[in-house]
Amino acid sequence: MNSKRLAVELFISWAVIFVITLALTVLADSARSASKLRKTRIRKLFHLAVVSVFVSGLLVNARVLYLASSLCLILFLICEFLRVYHITPVGRFLHENLSQFIDEQDSGYVYLTPIYLLISMSFPLWIYEGNVNDRSLLLFSGVLSVGVGDTVASVYGSKYGRIKVAGSEKTIDATFVSIVSVIFLTWLLVSTGAVVMRISWSRYAVAVSSTMMLEFSTKQIDNLVLGPFFYSLLRNMTL
């Protein structure tokens, strides 16, 4: 009975997160800011919402999150199918409302960024070999790399980034800030007992730095590859 109650409370909290994110998105969309910066902020609002959902799910009931993330992937694929083929009554509505938020990462006919984000953050949970409720750091690798690292690098880089490399819009200082952010948040989770860490901090710093350098060097598929890459690094380092 207690587990059922926790599951219900978890879904309620996710519904609240969705409503708050939707309201903030409307406010951000109406703000008079540069188009590219506005799009970045809106996309990262959804990143933040997904991080909140995943962290709460991993801490409270990872099995419920496992089911919810799998169902969300199916829902995303169905919505994208409806949008691409303009299937009534929602296809055109989805296309008109989603197309204003795309950027060069979704330059093709299919909008893959949200699907990539979900897969990358869910990947550790889907393939984890142990008990998904044991709060292992491995389970948080998708959240930390994509939800935190990629988001911090994008938001900081779009507003404050200064040190650019030729041929890239990304900045080295934003990558450094993302590395520090991931390590700091991990320290908070570990120090409060929320996450179990079975790797030395020196090795962890190497894994985080390597993952964020991968984010720096990729352009269109960072949302997809960061979670699996970070998970693989941590998994091999804990063997």
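Predicted, not measured: the structure shown is a model, and the values here were computed from it.

Caption draft 1: Fine view of the packing of helix 5 (residues 113-127) against helix 9 (residues 222-237). Orientation of helix 5 relative to helix 9, taken along the N-to-C sense of each, is 15 degrees, at an axis distance of 7 Å. Taken together, the axes of helix 5 and helix 9 lie roughly parallel to each other. In terms of crossing hand, the pair formed by helix 5 and helix 9 is right-handed. Across the interface between the two elements, T113, Y116, L117, I119, S120, F123, P124 and I127 from helix 5 touch N223, L224, V225, L226, G227, P228 and Y231 from helix 9. Residues that form the contact of helix 5 with helix 9 fall into these classes: eleven nonpolar, four polar and no charged.

Caption draft 2: Quick peek at the nonpolar core. Membership of the largest hydrophobic core comes to 44 residues, with the highest contact counts inside it found for W14, L58, L137, L144, Y204 and L234. Among the secondary structure elements, those contributing two or more residues to this core are helix 1 (2-30), helix 2 (35-60), helix 3 (62-84), helix 5, helix 6 (141-159), helix 7 (172-191), helix 8 (201-217) and helix 9. Apart from residues lying up to four places away in sequence, L137 is in contact with L144, T186, V195, V196, M197, I199, Y204 and L234.

Caption draft 3: Region of the structure containing the packing of helix 5 against helix 6. Taken N-terminus to C-terminus, the directions of helix 5 and helix 6 make an angle of 150 degrees; their axes are 6 Å apart at the nearest point. By the angle class used here, helix 5 and helix 6 are roughly antiparallel. Between helix 5, through L117, S120, M121 and P124, and helix 6, the contact on the second element is made entirely by S141, G142, V143, V146 and G147. In the contact of helix 5 with helix 6, the residues fall into five nonpolar, four polar and no charged.

The rules behind each value
- Residues numbered from 1 in each chain as written.
- Predicted model: local features only at pLDDT ≥ 70, side-chain atom pairs only at ≥ 80, totals over all residues.
- Heavy atoms only, no water.
- Axes fitted to C-alpha atoms, helices over the stretch in contact; angles between N-to-C directions.
- Helix = DSSP H or I, 4+ residues; strand = E, 2+ residues; numbered from the N terminus.
- Parallel < 35°, antiparallel > 145°, perpendicular 65-115°, else oblique.
- Left-handed = near helix turned anticlockwise from the far one by under 90°.
- Contact = heavy atoms within 4.5 Å.
- Nonpolar A, V, L, I, M, F, W, Y, C, P; charged D, E, K, R; others polar.
- Core = buried A, V, L, I, M, F, W, Y, C linked by side-chain atoms within 4.5 Å.
- Buried < 20%, exposed > 50% of the residue type's maximum accessible area, 1.4 Å probe, protein only.

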